[in-house]
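Each chain, letter by letter, is given below.
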Amino acid sequence: MPTVVLMDASLSMTRPVSLEQCSEELQRKNLAVAGLTMLFEHMANNYRLEFTSLVAFSSLWELLVPFTRDYNTLQEALSNLEDYDKTCLESALHGVSNVVQQEWGHACPTQVVLVTDGSLGIGKGSLRHSLQTLKGRPEDKKFPLPFPFPAKLFIMCIANAEELQMTDTMHNLEQLLQLNGGDGQIFTMEGQLCLKSVQSMFGRLIDEVYSPFPAVLRCGNLASDVQVFPRPEPVFLDEEIDPMPRHILTDLEIVGFIEIGDISSPPVMSRHLVLPIVVNKEVDDVGPGTTEEPEEETSANQQAGKVPNFCVLLHGSLKVEGMVALVQLGPEWYGMLYSQADSKKKSNLMMSLFEPGPEPLPWLGKVSQLGPISDAAENPYGEDDSKSPFPLQPKIKRSYAQNVTVWIKASGLQTDVQKILRNARKLPEKTQTFYKELNRLRKAALAFGFWELLKGVAELLERECTLLPDTAHPDAAFQLSHAAKQLKLASTGDSQYAAFDQNINPMHTDFSGGGAAGM
Amino acid sequence: MKMFSVSHKTAFVVDHCPYMAESSRQQVECDVLTKSRGQGMIPLAPVSKSLWTCAVECSMEYCRILYDVYPLKKLINYIVSDSEFHILNSWRQEDQSTHELMSALAAVGPPNPQEDPECCSVLHGLVAAVESLCKITEYQHEARTTLMDTADRVANRGRIICLTNAKSDTHVRMLEDCVQETILEQNKMAAGSDRLMSIQQCELVLVHIFPQGEDTLVSDRPKKEVSSLLTSEVHSVRAGRHLATKLNILVQQHFDLASTTITNIPMKEEQHANTSANYDVELLHHRDAHLEFFKSGDLHMAGSTSRDSGLKETVTLKWCTPRTNSVELHYCTGAYRISPTDVNSRPSSCLTNFLLNGRSVLLEQPRKSGSKVISHMLSSHGGEIFLHVLNSTRSTLEDPPSISEGCGGRVTDYRITDFGEFMRENRLTPVPESPDTEASGKPPAERAKAQLERYTRYWPMIISQTTIFNMQAVVPLANLIVKESLSEEDLLTCQKTVYNLVDMERKNDPLPISTVGSRGKGPKRDEQYRIMWNELETLVKTHVAGSERHQRVLDCIIACRSKPPEEEERKKRGRKREDKEDKAEKSINKDSEDKSWQESERLKGALERGKEEQGESEVIKDSPDSPEPLNKKPRLDEIQLPEKAKGPVSLLTMWTNRITVANSRKHQEFAGRISSVNNKAELYQHLKDENGMDLHENGKATR
C-alpha cells in the first residue's frame, strides 16, 4: 500500500511555537519535519518495502519525490523544503489523486498522510470555502474526495485539539474524512507543542498503520515466524448483515495443497509477501529494553540465513511442483501461498487472500469440504497423476453449455427449422439427429406457447414428403409423415400429445434400414 | 454489497388473459427456399408469435442471463395470471432453472382466446406476487437463524416484473394501487407470522406490450415513488425485437451487469475451411469487471460504443494470441460469470465451446496511445465461463528481497523433492457432503489439517539433518507410520523394513550419513547405524499414541536394533533401574509431545554448530555406546562448553542452558559427568580390558 505524504508548506507553518522550557525557537514546520523524519526512519528500518512519495503544497502543489523506497531521498527533500504562500488543500488533494492514479491505477489502496498546522486557508481556495461549495459543481470541477482509488486519509495536525476546536478547523477536517468515506483518522498533538508531543503523535500513526504484521505460518508441526507485508486490511462483508470488520489471524494454518492448474488463476482481494523473520523469544523473559546493536544485528541476520527455515523449504517445493498451499486465515476465510517470481528471476513466498466466505472459488466447492486424498476410496488424482478431482461441475449447466433454444432473433428460429429440414432430406440415415432437432424445437414451441410454429413445421415436413425423389428410402416417407402428424397433434395442446417431457420417437417400420436399426 | 437487496427476489407476473393470444404481427419467415429447390414451389406462409409467446420468450431470456451470471442467491418466482393465478415455481434454489420454468410454461400453454375476458386479469398474479415476496427464502431463513438476536438485520425486499397489455394509464395506476394495498395488507399478516416477512421495499416494473403497427395506449414513465415501500416504473414496448431489447436492458440494470464485446475472434469459415474471418461476440457479466474503466474514465478509450440511442454500452476487448497456459498463476483481482447475449449464434457458440474445452484467452484493452495492455482473461472452470480481471497496473510488491536473502535463505540442502512428495500426498480433494461425515465429527478440512499434523511430527527440513529419509530402505515404514491407523499388512511391511535394516547392518552396508560439519571421514559405520536407529526410533515414537499397531512397530525396532554387548551387562546389573528410566522417559515424552520435536530440532541445530566449533573433538560422536535415552542432551551440554567460553553469551546458549537445566531435573545425572574433571570424563575405560570382543551382535538374539 503506497503512501503519499502531503506536506503543508504554507507560510503559516513557519509560525513559532511558544515554548517556555525550550531555549531554541522552533517553528511548526520544524516539528512537522521532526515527526516525518521519525516516520521515514521507522519505515526505512521496519517497513522498507513501502513506496512513499512526498508532495508539498501551498496555493500550488509540487511532487517533490515520486514513489520510492529510498528514504534518504525523502529525508533530503524534507530538509530542503522551502516556505511558500497560503494553504489551498483542494488543489493539493487533486494533485495527490493524479500522482497516485498515474503510478498505481485505481485499484491500489493508498495511504495519504496530510501534515498541516490546521490553518486551512482563507477565502477562495480555503478548505472551508471548498466544503461550502461542494454541491452543484460541474462534473469537471468535482471535489477530489472521495478518491477514485481506495484511500485512507491520516491528518497529522501540528496543533492540539483545543486549538483546532476553537475555530471550525476540526469540524472541517472531520468533514473531509467523511467525504473520504470515513476511512482514516485525525491525529492531534497532546499537551504542549514540542518535539516530544510530535513524536508521540507520529508514534501513534506508526503503531496503527506502519507496524509490521507478525504471524506464524504452520503446516502441521512445521512452523515459521513470518512477517506479512503489506499489513492485511480488515475486510467488511455484507454491511447490512455482517457489519463487523474481519481481521486475518496471526496463526496462518495450511490446510493442504492444490495444483496451480486446479486453482487456476483465482480472483484475490489482495496479495502479500510472506517474509520469514527471526523472533527474539527471549525478549519476553528478559524484559524490554534490550535493543541490539546494529552490528550484532547484521551478524544475527547472517546467522539466521544459515538456520533452516520452513518458509524457504515450502517456497522451494511449491515452485518446483507448481502447486499452491491453501491456508486458513480465519473462520471461513482462506487464502493461498505460492511462489512468485518477478522479472529479475527473484522469487518469493506470496500469499493471496480470497474473499471471506465458505466457498470463495466455485470450482473448488466449499473449502471446509476439502479433505485429504487418503479419505477418498480411490486416489482422485489417479495413480499416475493423470486425473484431477477439480474443477467441480455445477449442478445445472449454464445456458451456453446446454444447447438452449432462443428464437428472439428470427435467424435463430430459421436456423433451427433449416436444421430439421436438412436432416429430413437425409432420412433414414439421419433419423437420430432429425428427431433430436425436432424434439428440441417441439419443446421450445410448447413452452413458448408457439403452437402456430408446430403446425407450420408439420406442413413443411408434409411438403418434404411429397418432394421425396423416387430413389428415396421408403422409410423416409413414413418418418416424415409420422413426425408431421405428431407435431400437429402437439399443436392442439392436447395434454396427451403436448406434454413437455415427452418426445416424438421414430416410427418403428418394417424397413430394417440403418435408421430403424439405430433405434 | 447487500445480500438481500431488491434483486434477491424477482417475481415475474405474465399476463395470460385472452388478449395476450393476439398476434404480435411480427412475422418470421421460416421457410427459406434455396434457389435450386425453390422453383415452382409455394413457400410456407410466415409464422408470427403471439403477444404471449413474445412475453414468455423474452422473460425466459431474462432468466437465462440471470441464472448464467448468478446461479445462486438471485431467485425468480414465475407467476402466470388469467382467471386465477398459477405459480410455476417456488423460491427454492432447486426450482431455479430455465428448464423447470419451460416445462411449467408448456403445461400452461398459450392463452385461450375463447375464455371470458371479464373474469381474467393480471391483478390475480400481482396479488400472488406480493404474497410470494412475503415468503421467506431459504437464504433469508439461514441468515435469520445464524444471526439469532440480530435477525432483524435480514431484509426483505423484492421486485415484481409484470408483462401485460394494459388498457390505459388509468389502468396502470389501478394496478399500482392494487399492489400498494396488497403490500400493506400482507405486511400486517406477515407481522404475526414466522414463515412470512414483511416487505420493506418493492420495485414494480410494468412492461406494457402492444402489437407492431399499433399505437400505444400507455405512456412510458420513469421510476417514481408510490409510497415508502413501493416504487413503480412503466415501460411501453412493441412486441418482438423491441421487447427483447428492453428486457435485456432491464436485466442489466437490475443485476448490475455490463457488456463486453470480444472482437477479432478468428474463426474458420463454415464454407471455406481454410480461411478464417474475425468475429465479435458480446458477453454480459457483473459490471465490476469494468471497474477500472469506469474509474479511469477510460470507457471510451477502451473502445466502448453506444447502441440503441445510448441505452446500452459495451466495452470492446480484443482477442489476444498467443494464448495463456493453465499452469500460469495470473494476478487476478476478480472473476465474473458471463452470459453471451446471443447464446446460440455461431460466433457465440464457437467462442464458448472453445473455452469450455479448457482453453483460456487473454484479452487486450485497446488504448488511445496505441499501447497494448492485457486487462482480462476468459477462462472456464468446470463448465462455467468466467471473465477474469487481470491487474494491469504497477505492483506495490515489485522488487521484493529474494527469499534466498532472508532467514534460512543460505541453507542449500533443503529436502525440496521430499517436501514436494509430501505436498502431493497432502493434496486436497472435495469430499461429498453427507450426513455420515458430519456424524463422524471432523469436517474434511480439519481432517486434512490433522493429517498434516501427523505427517510432520518428525520431519527434518534439511538433508544433513536426517539419515533415515535419505535411505530407500526406510521408505515403506516412513510412508506407513504416519497413517492414522495401520492394517495388519501395514504392520507386517513395517516389521519387514526393520528386519531389512537389521540385515543391512549385519552386512555392514554403508549409510547415507551426512558428513557436513565434521572433518575427516565422519562417523564410523557402527556409529552411523546407531544414529540411524535413534532417528528411526524418534520417528516412530511420535506415532505410538496412534494405535496399538504403531506401538508394535516401535517394539519391533527396540527389539531388533543392535545393542552393544556392554549394555547387556549393564542391563543385567540394573534392569530395574532402567525400567524406571523407561517409564520416566515415556512420561516426559507425553508431557512434551508437541514441543519435543521442535526442541530436538533446535538442539540439532545447536549440535551442528557445536560440531563446527568443536573441530576435532569427535571422541564423543565416535563412541559406540552413548546411552540411548536422551542421549543428545548430555552431549549438547559438552558442546556448549566451548561456546560458553567465548565471551558474550548468545541467546541460543541462554535458551539451551535453560532447557538443559529444566531437563536435568528430569533425569539422574550420569555418573561419568559427576566424576568428571573439567567436565570431561574418560569414557569406556573398560574397553581397554575387554579388547577384541565382537561388537556386532544381533540385539534381537540378546534379548
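Residues numbered from 1 in each chain as written. Chains lettered and ligands numbered in written order. Predicted model: local features only at pLDDT ≥ 70, side-chain atom pairs only at ≥ 80, totals over all residues. Heavy atoms only, no water.

**A short note on the overall build of chain B**
Stated formally: Helix numbering and strand numbering both begin at the N terminus, where a helix is a DSSP run of H or I of at least 4 residues and a strand a DSSP run of E of at least 2. Summary of the burial criterion: residues with accessible area below 20% of their type's maximum are buried, those above 50% are exposed, and those between are partly exposed, where the area comes from a 1.4 Å probe applied to protein chains only. Two residues form a contact once any of their heavy atoms are found within 4.5 Å. For the area figures, the Shrake-Rupley method with a 1.4 Å probe applies, and any residue is considered shielded solely by the protein chains shown.
Helix and strand counts for chain B stand at 22 helices and 18 strands. For chain B, with 703 residues in total, the buried portion stands at 51%. The contacts in chain B between residues at least 6 apart in sequence include a share of 73% that link residues at least 24 apart. When the accessible area of chain B is evaluated, it comes to approximately 33300 Å², of which 51% is carbon and sulfur surface.

**As for the overall build of chain A**
Basically, it comes down to this: We treat Lys and Arg as the positive residues and Asp and Glu as the negative residues; His and chain ends play no part in the count. For this purpose, a charge sits on NZ of Lys, CZ of Arg, CG of Asp or CD of Glu.
Scanning chain A from N- to C-terminus turns up 16 helices and 16 strands. Across its three principal axes, chain A shows a C-alpha extent of roughly 120 × 65 × 40 Å. A total of 519 residues make up chain A; the buried ones form 54% of that total. Of note, chain A has its 44 positive side-chain charges centred 11 Å away from the centre of its 65 negative side-chain charges.

**Some points on unusual backbone geometry**
Residues and elements named next belong to chain A. Residues L145 and P146 are joined by a peptide bond in cis, for which omega reads -5°. Here P146 shows up in the loop between α4 (127-132) and β7 (151-160). With omega at -5°, the peptide bond leading from F390 into P391 counts as cis. By secondary structure assignment, the location of P391 is in the loop between β16 (370-372) and α12 (410-424). Within the chain, S265 stands out as a residue other than glycine whose phi angle is a positive 40°. Mapped onto the fold, S265 is located in the loop between α8 (260-263) and β12 (270-276). Even without being glycine, N403 reaches a positive phi, approximately 55°. Relative accessible area serves as the criterion here: at 44%, N403 is assigned to the partly exposed category.

**Concerning helix α5 (residues 169-191) of chain B**
Residue and element names in this part refer to chain B. Which entries qualify depends on this criterion: How far a helix is expected to stretch is found by multiplying one less than its residue total by 1.5 Å.
Relative to the 33 Å expected for 23 residues at 1.5 Å per residue, α5 spans 33 Å between its end C-alpha atoms, a close match to the ideal helical length. Taken together, the buried positions of α5 are occupied by H171, V172, L175, E176, C178, V179, Q180, T182, I183, Q186, N187 and A190. Against the buried residues of α5 lie α3 (123-134), β6 (157-164), β7 (201-210), β8 (221-225) and β9 (230-238).

**A short note on helix α13 (residues 488-507) of chain B**
Residue and element names in this part refer to chain B. Taking 1.5 Å as the rise per residue, α13 with 20 residues should run 28 Å; its terminal C-alpha atoms sit 29 Å apart, in good agreement. Inspection of α13 places D490, L491, C494, Q495, T497, V498, L501, V502, M504 and E505 among the buried residues, and these make up the whole buried set. Buried positions along α13 lie against α12 (475-481), α14 (525-541) and α15 (548-560). N508 sits one or two residues past α13 and shows a positive phi near 60°.

**Concerning the confidence of the model for chain B**
All names here are of chain B. Note the following rule: Known as pLDDT, the predictor's confidence for each residue is given on a scale from 0 to 100.
Of all residues in chain B, 76% have pLDDT values of 70 or greater, and the mean over the chain is 80. The model gives residues 584-596 a pLDDT under 50, and that stretch makes 4 contacts with residues more than four places away or in other chains. Low confidence marks residues 609-646, where pLDDT is under 50. Its contacts with residues over four positions away, or in another chain, come to 69 contacts. At the level of chain-chain contacts, confidence expressed as ipTM amounts to 0.88, with global pTM at 0.82.

**Quick look at the interface of chain A and chain B**
The test is simple: Accessible area, probed at 1.4 Å, shrinks when two parts are joined; the buried area is that loss added up over both. Any carboxyl oxygen of Asp or Glu that lies within 4 Å of a side-chain nitrogen of Lys or Arg is treated as forming a salt bridge with it. N or O atoms closer than or at 3.5 Å make up a polar contact, with two conditions inside protein: a donor-capable atom paired with an acceptor-capable one, and, for residues adjacent in sequence, both atoms drawn from side chains. Polar here means any residue other than Ala, Val, Leu, Ile, Met, Phe, Trp, Tyr, Cys and Pro, which are nonpolar, and Asp, Glu, Lys and Arg, which are charged; Gly is therefore polar. Each pair of strands is called paired provided DSSP finds at least two bridges between the two strands.
Listed by partner, the interface residues are 137 residues for chain A and 136 residues for chain B. Looking only at chain A, the three residues that lose the most surface to chain B are A:N221, A:E240 and A:Y400, adding up to 7% of its buried area. Seen at the junction of chain A and chain B, the total is 11 salt bridges. Here chain A and chain B share 42 residue pairs in polar contact (both at pLDDT 80 or more) between them. Per-element tally for the side of chain A that touches chain B: the top contributor is helix α11 (residues 310-321) of chain A, with 11 residues. Among the residues making up the side of chain A that touches chain B, the classes are represented as 79 nonpolar, 32 polar and 26 charged. In terms of strand pairing, β16(A) meets strand β18 (residues 428-430) of chain B through 3 bridges, oriented antiparallel. Each bridged residue has a counterpart across the sheet, and for A:G371 the counterpart in β18(B) is B:T429.

**Let's talk about the packing of aromatic side chains**
All names here are of chain A. The following threshold applies: Here the aromatic set is Phe, Tyr and Trp, taking the six-membered ring for Trp, and pairing holds for ring centres within 6.5 Å; pairs whose planes are under 30 degrees apart are stacked, those over 60 apart are edge-to-face, and all others are tilted.
Tallied over the entire structure, the rule returns 24 aromatic pairs over all chains. With centroids separated by 5.4 Å and ring planes inclined at 80°, the aromatic side chains of F67 and W104 adopt a geometry described as edge-to-face. One end of the pair, F67, is in strand β5 (residues 61-68); the other, W104, is in helix α3 (residues 89-104), and 37 residues separate them in sequence. For F67, a relative accessible area of 9% corresponds to the buried category. Here W407 and F450 contribute two aromatic rings whose centre-to-centre distance is 6.3 Å and whose plane-to-plane angle is 65°, an arrangement assigned as edge-to-face. Placement of W407 in the loop between β16 and α12 and of F450 in the loop between α13 (431-447) and α14 (451-466) is noted, with a sequence separation of 43 residues between them. Note on accessibility: W407 and F450 belong to one class, buried.

**Overview of the environment of A:S224**
All names here are of chain A. Among the structural elements, S224 can be located in strand β10 (residues 222-229). Since its relative accessible area comes to 5%, S224 is described here as buried. Taking the C-alpha atoms as reference, S224 lies 6.4 Å from C311; in sequence the two are 87 residues apart. Sequence-distant contacts of S224, defined by excluding residues within four places in its chain, comprise A215, V216, L217, P276, N309, F310 and C311.

**Some details on the packing of α13(A) against helix α2 (residues 98-108) of chain B**
The condition is simple: To obtain an axis, a line is fitted to C-alpha atoms, over the contacting stretch when the element is a helix, and the angle between two such axes runs from 0 to 180 degrees between their N-to-C directions. By definition in this entry, angles of less than 35 degrees are roughly parallel, angles greater than 145 are roughly antiparallel, angles of 65 to 115 are roughly perpendicular, and the rest are oblique.
At their nearest, the axes of α13(A) and α2(B) sit 7 Å apart, and the two run at 65° to each other. Judged on the interaxial angle alone, α2(B) and α13(A) are roughly perpendicular. Contact residues: α13(A) offers A:A444, A:L446 and A:A447, while α2(B) offers B:M102, B:L105 and B:A106. In the contact of α13(A) with α2(B), the residues fall into 6 nonpolar, no polar and no charged.

**Topic: the side chain of B:H550**
Residue and element names in this part refer to chain B. If you trace the backbone, H550 turns up in helix α15. Given the relative accessible area of 1%, H550 is considered buried. What H550 contacts, discounting residues up to four positions off in sequence, is I481, K483, E484, S485, L486, V540, H543 and V544.

**Let's talk about the state of the cysteines**
Residue and element names in this part refer to chain B. To keep things clear, this is the line we draw: A pair of sulfur atoms, both from cysteines and within 2.5 Å, is called a disulfide here.
Evaluated as defined, the whole model comprises 0 disulfides over all chains. Of all cysteine sulfurs in the structure, the one in C58 sits closest to C54, which takes part in no disulfide; the separation is 6.3 Å. Note on C54: relative accessible area 1%, which makes it buried.

**Looking at the pattern of salt bridges**
This model, assessed by the stated rule, comprises 48 salt bridges over all chains. Between B:E488 and B:R549 there is a salt bridge, and its shortest N-O distance comes to 3.0 Å. Remark: B:R549 occurs in helix α15 and B:E488 occurs in helix α13; sequence separation between them is 61 residues. Note on B:E488: relative accessible area 40%, which makes it partly exposed. Connected through salt bridges with shared partners, the residues A:E259, A:E321, A:D385, B:R424 and B:R427 form a single ionic network.

**Focus: the pairing of strand β6 (residues 110-116) of chain A**
All names here are of chain A. Note the following rule: A crossover counts as right-handed when, viewed with the strands pointing away from the observer, the path leading from the first strand over the helix to the second turns clockwise.
With 7 of its 7 residues buried, β6 lies for the most part within the structure. Relative to β7, β6 is paired through 7 bridges, and the arrangement is parallel. The partner of T116 across the bridge, within β7, is C157. Each parallel crossover has a hand, and the one from β6 via α4 to β7 is right-handed.

**Section: the sheet that holds β6(A)**
Residues and elements named next belong to chain A. Here we have 6 strands laid out as an open sheet, ordered β5-β4-β1-β6-β7-β8, and mixed in their pairing. Because the sheet does not close on itself, it has two edges, and the strands there are β5 and β8 (184-189). Taking each pair of neighbouring strands and ignoring which way they run, the sheet shows an average axis angle of 15°. As judged from the 5 bridges shared by β7 and β8, these two strands associate in the parallel manner. Counted as the bridge partner of F154 is Q185 from β8. Taken strand by strand, α3 contacts β1 (3-8), β4 (52-57), β5 and β6, and its axis lies near 30° from that of β5.

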